[in-house]
Amino acid sequence: GNEVRLTYRVTEKPSIVEIVYEGNSEVKSEDLAEAAGIKPYEILNMAKVKEATEKIQKLYEDKGFFLAKVEPAVEDVKKDESARLVFKIKENDKVKVKKITILGAKKISDSTLKGNMLTKEGGFFSFMSGSGAYKQEAFDRDVQALRYVYYNQGYIQAKIDRPQVNVTPDKKSIYIAFRVDEGEQYSVGEIDFGGDVLFPKQELAETIKLTPGNIFAYDVLYKDLSDLQAKYGDLGYAFANVIPRTRINDK
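Residues numbered from 1 in each chain as written. Predicted model: local features only at pLDDT ≥ 70, side-chain atom pairs only at ≥ 80, totals over all residues. Heavy atoms only, no water.

Caption draft 1: Quick look at the environment of G104. Relative to the elements of secondary structure, G104 occurs in the loop between strand 4 (95–103) and helix 3 (110–115). Measuring from C-alpha to C-alpha, the distance between G104 and S15 comes to 63 Å, with 89 residues separating the pair along the chain. Apart from residues lying up to four places away in sequence, G104 is in contact with V180 and E182. (Helix = DSSP H or I, 4+ residues; strand = E, 2+ residues; numbered from the N terminus. Contact = heavy atoms within 4.5 Å.)

Put into structure tokens, the structure is as follows:
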């Protein structure tokens, strides 16, 4: 019968003699090499090259460059024996915060509210992925900051929702909108002291800055707590606890 001659030609994978990063100006080549995790004189492994490309992309995203593109290329130095690995990088721009809108804010100015936020109008935004998705928890600190501004001016029932975020189609800019329900402004009513008083109540009242009739402010309350604690500390009560119990009187 007929015969077929089958020849297997075995070629070893080439080793990488050089790794080059091209086009990077915002991130140092040493940092890229550390992220990539590939070293010269390793055997060329395309799965590892793909993984390294993703790690470099992630490093750029962590630095706010969501539009960065990383392309690996393998160039022969000596065919089937040695190769040069090149990561071609196009950094592009960071994502910009185009506009922040605070809906429902009437009692406190926009400039005061925005001035306390971590995210700034016109600044860069560094909590997004290349797909244009953003991390909601990125705004949790901003929500807390806005609440704090309101609580410090007596709006102790102010509610601030996580914002609505719109990414422009080119993924270069985002628009952020916070919704605020301010509620009423509260002033300080009656102040009393209970528990292990140890000092005349009049003396304790003179130690604190919160006074009946004034606007209630959280930062003043917390300063008062530490001042009272220090007062007890001077008497040798190092672990005295001063616990505020507030009650809202809508009238």
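Caption draft 2: Structural context of the packing of aromatic side chains. One pass over the full model with this rule turns up nine aromatic pairs. Taken together, a centroid distance of 5.7 Å and an interplanar angle of 85 degrees make the contact between Y150 and Y155 edge-to-face. A relative accessible area of 0% places Y150 in the buried class. The exposure class of Y155 is buried, given its relative accessible area of 6%. Note on Y151 and Y218: the rings are 5.2 Å apart at their centroids and 40 degrees apart in plane angle, and the pair reads as tilted. Of the two residues, Y151 sits in helix 4 (residues 140–151) while Y218 sits in helix 6 (residues 218–234), which places them 67 residues apart along the sequence. Ring-pair connections join several aromatic residues into one group, and the members of that group are Y151, F216, Y218 and Y222. The ring of F199 has K231 sitting right over it, with the charged end atom 4.7 Å from the ring centre. (Phe/Tyr/Trp six-rings, centres within 6.5 Å; stacked < 30°, edge-to-face > 60°. Buried < 20%, exposed > 50% of the residue type's maximum accessible area, 1.4 Å probe, protein only. Lys NZ or Arg CZ within 6 Å of the ring centre and 35° of its normal.)

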